[in-house]
Amino acid sequence: MADCIFCKIASGEIPNVKIVYEDEATMAFLDLNPQAPVHALVIPRRHIDRLTAAEDGDTELLGKLQLTAAKTAKLLKVEGAFRLVTNNGKGAGQSVDHLHYHLLGGRKMLWPPG
Ligand code: DGP
């Protein structure tokens, strides 16, 4: 999508993005505004607004995103303890309308998350 910052990151248009992992369908890069010592974003390259915009045909892609998150956790050495979360909709804190999972680690996580 033309005005989507994560589409631009996925197509390599944005410089200085710290990419942790990428393959043909997904990628993971460090968050610009980290909320934990380790904070990466895991996205599909293809634009999907949010999790509730995914369709049956996206099943394989959604599975790949989970595996990308696990690979990213290993690459960032937090595979023993991390949190994976998606904000679905403005009310949940979504500010970028391109499906993404926050991978947070490197500190104690609180529950409930608030
Ligand atoms: P959310 O609020 O759940 O939609 O999370 C969006 C996240 O995206 C937020 O933590 C900041 C991050 N972000 C926004 N723009 C950029 C960018 O241009 N580069 C990077 N690396 N992260 C960004």
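Reference entry: report on the structure contained in this document. (Residues numbered from 1 in each chain as written. Predicted model: local features only at pLDDT ≥ 70, side-chain atom pairs only at ≥ 80, totals over all residues. Heavy atoms only, no water.)

## Observations concerning the overall build of the protein
Item 1. Of regular secondary structure, the protein possesses two helices and five strands.
Item 2. Counting from the amino terminus, helix and strand elements in the protein follow one another as α-β-β-β-α-β-β.
Item 3. In terms of overall size, the protein behaves like a compact globule, its C-alpha atoms giving a radius of gyration of 13 Å where 114 residues would be expected to give roughly 13 Å.
Item 4. For the C-alpha atoms alone, the extent of the protein along its principal axes is close to 35 × 30 × 25 Å.
Item 5. Here the protein holds 114 residues, and the buried ones make up 39% of them. (Helix = DSSP H or I, 4+ residues; strand = E, 2+ residues; numbered from the N terminus. Rg over C-alpha atoms; globule rule 2.2 N^0.38 Å. Buried < 20%, exposed > 50% of the residue type's maximum accessible area, 1.4 Å probe, protein only.)

## A word on the site of the ligand
Item 1. For the ligand, the set of nearby residues contains 15 residues, the closest of which are Asp31, Asn87, Gly93, Ser95 and His102.
Item 2. Measuring from an oxygen atom of the ligand, one finds a backbone N or O atom of Val96 at 3.0 Å.
Item 3. For the ligand, an oxygen atom lies 2.8 Å from a polar atom in the side chain of His102.
Item 4. When atoms are counted within 2 Å of each cavity's grid points, the one that captures over half of the ligand is the largest pocket.
Item 5. When contributions to the shell around the ligand are tallied by element, the ones reaching two or more residues are α1 (5-10) and β2 (26-30).
Item 6. At three residues, α1 tops the list of elements feeding residues into the shell around the ligand.
Item 7. Taken together, the residues that form the shell around the ligand break down as eight nonpolar, six polar and one charged. (Near = heavy atom within 4 Å. Polar contact = N/O pair within 3.5 Å; in protein donor to acceptor, adjacent residues only side chain to side chain. 1 Å grid on protein atoms, 1.4 Å probe; cavity = no way out; pocket = protein on both sides within 12 Å on 5 of 7 lines; lining within 4 Å. Sits in = over half its atoms within 2 Å of the grid points. Nonpolar A, V, L, I, M, F, W, Y, C, P; charged D, E, K, R; others polar.)

## Section: the layout of surface pockets
Item 1. Each pocket or cavity is described by its volume, and for the largest pocket that value is around 810 Å³.
Item 2. Those elements giving two or more residues to the lining of the largest pocket turn out to be α1, β2, β3 (38-44), β4 (82-85) and β5 (101-105).
Item 3. No other element matches α1, which puts three residues into the lining of the largest pocket.
Item 4. Across the lining of the largest pocket, the residue classes tally to 16 nonpolar, 10 polar and four charged. (Points joined across faces, edges and corners; volume = space filled by probe spheres on them.)

## Overview of the sheet that holds β5
Item 1. Strand order across the open sheet formed by five strands is β1-β2-β3-β5-β4, with antiparallel pairing between neighbours. Single-partner strands in this sheet number two, and they are β1 (19-22) and β4. Averaged over all pairs of adjacent strands, the angle between their axes in this sheet comes to 20 degrees, without regard to strand direction. (Pairing = 2+ DSSP bridges. Axes fitted to C-alpha atoms, helices over the stretch in contact; angles between N-to-C directions.)

## What to know about the packing of aromatic side chains
Item 1. According to the stated counting rule, one finds one aromatic pair in the structure shown.
Item 2. Consider the rings of Phe6 and Phe29, whose centres lie 5.5 Å apart with planes at 80 degrees: the pair is edge-to-face. Here the residue Phe6 occupies a position in helix α1, and Phe29 occupies one in strand β2, the gap between them amounting to 23 residues. Here the two residues Phe6 and Phe29 agree in accessibility, since each one is buried. (Phe/Tyr/Trp six-rings, centres within 6.5 Å; stacked < 30°, edge-to-face > 60°.)

Note that every value here comes from positions in space, so none of it alone points to a role or purpose.
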